[in-house]
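Given next are the chains, with one letter for each unit.
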Amino acid sequence: MSRIGKKPVDLPDGVTASLSGQTIEVKGPKGSQSFTATDDVTLEVDGNVVTVSPRGKSKRARQQWGMSRTIVANMVHGVTSTFKKELEIQGVGYRAALQGNVLKLNLGLSHDVDFPIPDGVTVTCPKQTEIVIEGHDAQLVGQVAANIRDWRKPEPYKGKGIRYKGEYIFQKEGKKK
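None of these values were measured; they are calculated from a predicted model.

Trainee: Where do I start with helix α3 (residues 138-149) in this structure?
Mentor: Count 3.6 residues to each turn of an α-helix, and residues three or four apart come out pointing the same way. Between its first and last C-alpha atoms α3 spans 17 Å; for 12 residues at 1.5 Å apiece the expected length is 16 Å, and the two agree. When α3 is considered as a whole, its buried residues turn out to be Val-141, Val-144, Ala-145, Ile-148 and Arg-149. Buried residues in α3, looked at end-on, bunch into an arc of 135°, giving them a common side. Where α3 is buried, its residues touch β7 (83-90), β9 (102-106), β10 (113-116), β11 (121-124), β12 (130-135) and β13 (161-164).

Rendered as structure tokens:
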């Protein structure tokens, strides 16, 4: 039994959900989002509550049950407030700057990296070594943060690279003489 899937998703004031087949659309003060669930789960909207239940007892139905409920909960959260990921840049000469709709990254490569910012996401650089990614779609915010981090992952000897704020990097000892 999915512990997450059993919980109903409460809709706060100002948020409405409409169901058409397997597609649910959530509208709120910050916009609207939609999600099409697989045929393995059943979605129901009763007043201010959205419930997700599995169709059958197959392993796939149980997997989709918890995931679908989490996606609907993230949509409800996204239309009322934003999701936020913070990245830190560590390393001598490593920095980020925002130029229009492009994030310029100096990461010790032979060239600067121009990262185009997709629609639906807001990127800010409060400092040269910090990047803040915000948006209403949890999946898109996480994917953009992961794509930026992929340009220079933290290395285990000096810790240089792009890391999530608060991420711990295990430091290796290095060679001994």
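Trainee: Looking at this structure, how should I read the sheet that holds β9?
Mentor: Hydrogen bonds between backbone atoms are what pair the strands of a sheet, whose relative direction is either parallel or antiparallel. Taking strand neighbours across the sheet as the criterion, the 3 strands line up as β8-β9-β10 in an open arrangement whose pairing is antiparallel. The open sheet is flanked by β8 (95-99) and β10, the only strands paired with a single partner. Mean inter-strand twist for the sheet, computed between neighbouring axes without regard to direction, equals 25°.

Trainee: What am I meant to see in the pattern of salt bridges here?
Mentor: Opposite charge on two side chains permits them to pair, given that their charged atoms come into close proximity. One pass over the structure, following the stated rule, counts 8 salt bridges. Among the ionic pairs, Asp-114 bridges to Lys-104, the shortest N-O distance being 2.7 Å. In this pair, Asp-114 sits in strand β10 while Lys-104 sits in strand β9, placing the two residues 10 residues apart along the sequence. Of the residues examined, Lys-104 reaches a relative accessible area of 24% and is grouped as partly exposed. One network of salt bridges, with partners in common, ties together Lys-84, Glu-86 and Lys-165.

Trainee: What exactly am I supposed to notice about the environment of Lys-30 here?
Mentor: Mapped onto the fold, Lys-30 is located in the loop between β3 (23-28) and β4 (31-36). Taking the C-alpha atoms as reference, Lys-30 lies 14 Å from Thr-122; in sequence the two are 92 residues apart. Discounting residues that sit within four places of it in the chain, Lys-30 has contacts with Gly-78, Val-79, Thr-80, Ser-81 and His-136.

Trainee: Just checking my understanding: could you explain the side chain of Gln-33 for this structure?
Mentor: With respect to the element layout, Gln-33 can be found in strand β4. One polar contact links the side chain of Gln-33 to the main-chain carbonyl oxygen of His-136, over a distance of 2.7 Å. In this structure Gln-33 touches Ile-24, Glu-25, Val-26, Met-75, Gly-78, Val-79, His-136 and Asp-137, once residues within four positions along its chain are discounted.

Thresholds, definitions, all that
- Counting restarts for each chain: residues are numbered from 1 in the order of the written sequence.
- Per-residue local features are limited, in this predicted model, to residues with pLDDT of at least 70; the limit for side-chain atom pairs, both in listing and counting, is 80 or more; totals at the level of whole chains, interfaces and linings are taken over all residues.
- By convention in this description, side-chain values take in all heavy atoms of the structure and omit both hydrogens and water.
- A run of DSSP states H or I qualifies as a helix once it reaches four residues; a run of E qualifies as a strand once it reaches two. Both are numbered from the N-terminal end.
- Multiply 1.5 Å by the residue count of a helix minus one, and that product is the helix's expected span.
- With a 1.4 Å probe rolled over the protein chains alone, any residue whose accessible area is under 20% of its type maximum counts as buried; one over 50% counts as exposed, and the rest are partly exposed.
- Here the arc refers to the set of directions running from the helix axis out to each C-beta atom.
- Throughout, a residue-residue contact means that at least one pair of heavy atoms, one from each residue, lies within 4.5 Å.
- For two strands to pair, DSSP has to find at least two bridges joining them.
- Here the axes come from fitting lines to C-alpha atoms, over the contacting stretch only for helices, and the angles between their N-to-C directions go from 0 to 180 degrees.
- We define a salt bridge as a contact between a side-chain nitrogen of Lys or Arg and a carboxyl oxygen of Asp or Glu at a distance within 4 Å.
- Think of a polar contact as two N or O atoms within 3.5 Å of one another; within protein, one of them needs to be a possible hydrogen donor and the other a possible acceptor, and neighboring residues in sequence only count if both atoms come from side chains.

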